[in-house]
Amino acid sequence: MIQAQSLTKYFGLLPAIQDVTFSVEPGEIVGFLGPNGAGKSTTMRILSCVLLPTSGQATVAGYDVHRHSLEVRRRLGYFPENLSLYPEMSAERYLYFVAEMKGVKKQQRRPRVDDVVEKLGLEQVTKRSVGHLSKGYRQRVGLAQALLNEPEVLILDEPTMGLDPEQAAEFRTLIRGMGGERTILLSTHTLSEVQAICDRVIIIHHGRLLALDTPGQLAGRLQRVSETLLHVRGPRAEVLRGLEQIPGVLRVREESRIDDGASAYVVEAERIPDIRPILGDTVIRAGWKILLMSPRAMDLEEIFLRLVAEEEGSRS
Ligand code: ADP
């Protein structure tokens, strides 16, 4: 549904993005993740026909963003990083205005505006001027305008930026709910956000694509060491020693005491083979009690730092 092929964009002599290639399948929610200045907005602006690439091609919904930009715009909802709303217009007036700009036929404007107002919970504020709305409501108006043409593809540039945590969570639920029905590419520099809502994640740094995978696969690929959380009731020093002696175990630390002589331990071990059956056997054979055992997943924060370090290592 979205194809980017070797996209490169120079501003003067400086490359903002270089050789960026990826695709987004119909109904997928893909997160574009990277620090400020990584090239997320530049890529999204190219895909939204706002900016021409220096080289490379892209198609959205099967149409070339350069040669068939009108067809692309018809099928696309774009939420730019700095959405310029007209502060003195009422939210409703603004949405009508955008509907007109997007070429929504006159008789369809009211049902479309009513529909996005309902979807985004804007009923209370339709008569208020956009400039007086809270940040949360302004973001919703921004998303509402992107949805007015019932787009197949949504490109959302930092849609939760500036929202408080509660508003951001609400917004994420809303976006998640649109997956399957629409194809969504959204950018963020909040790692937990892609983990919460995205099927796949593209990591970009210094204008280059570092990785494209599911959040889970990425964690798995990078995690050479497994971490297992273990709650065991037994004499602490002995438990620690017993676990440390298992072949393949690299490190054991007691994370916290629980109750009644039980503690939480984190066991770091080589990923292959799976150490968990041996951990269980060891505890049982020693006559201690196992209260809980669960794998600990690496979060995207760690993945990102590791990828960046690997990339920087390979360049120096
Ligand atoms: P991100 O969205 O990941 O924060 P951007 O795509 O906005 O990153 O920026 C990527 C790089 O391109 C940055 O170094 C930025 O300064 C530069 N850049 C972006 N837009 C322009 C522009 N219009 N003129 C000059 N440089 C730009």
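Let me sum up the structure you'll find in this document. (Residues numbered from 1 in each chain as written. Predicted model: local features only at pLDDT ≥ 70, side-chain atom pairs only at ≥ 80, totals over all residues. Heavy atoms only, no water.)

Taken together, the residues surrounding the ligand are F11, A16, P35, N36, G37, A38, G39, K40, S41 and T42. In this structure, A38 approaches the ligand through a main-chain N or O atom, which is 3.1 Å from an oxygen atom. Calculation on the ligand without its partners gives an accessible area of 560 Å², and the protein chains cover 58% of this total. Considering each element in turn, the shell around the ligand owes the most residues, three residues, to helix 1 (residues 40–47). When grouped by side-chain class, the residues that make up the shell around the ligand number four nonpolar, five polar and one charged. (Near = heavy atom within 4 Å. Polar contact = N/O pair within 3.5 Å; in protein donor to acceptor, adjacent residues only side chain to side chain. Areas by Shrake-Rupley, 256 points an atom, 1.4 Å probe, with all protein chains shown as cover. Helix = DSSP H or I, 4+ residues; strand = E, 2+ residues; numbered from the N terminus. Nonpolar A, V, L, I, M, F, W, Y, C, P; charged D, E, K, R; others polar.)

In this section: the packing of helix 5 (residues 135–147) against helix 6 (residues 165–178). Running from amino to carboxyl end, helix 5 crosses helix 6 at an angle of 15 degrees, the nearest separation of the two axes being 10 Å. The orientation of helix 5 with respect to helix 6, classified from their angle, is roughly parallel. Helix 6 is crossed by helix 5, and the crossing has right-handed handedness. Contacts between helix 5 and helix 6 involve G136, Q139, R140, L143 and L147 from the first element and Q167, E170, F171, L174, I175 and M178 from the second. Here the residues of the contact of helix 5 with helix 6 are counted per class, giving six nonpolar, three polar and two charged. (Axes fitted to C-alpha atoms, helices over the stretch in contact; angles between N-to-C directions. Parallel < 35°, antiparallel > 145°, perpendicular 65-115°, else oblique. Left-handed = near helix turned anticlockwise from the far one by under 90°. Contact = heavy atoms within 4.5 Å.)

With that settled, the discussion passes to the packing of helix 3 (residues 91–101) against helix 5. The interhelical angle for the contact between helix 3 and helix 5, taken along N-to-C directions, is 25 degrees, at an axis separation of 9 Å. Relative to helix 5, helix 3 is oriented roughly parallel. For the element pair helix 3 and helix 5, the recorded crossing hand is right-handed. On helix 5, the residues that touch A91, Y94, L95 and V98 of helix 3 are V141, A144 and Q145. Grouping the amino acids of the contact of helix 3 with helix 5 by side-chain chemistry returns six nonpolar, one polar and no charged.

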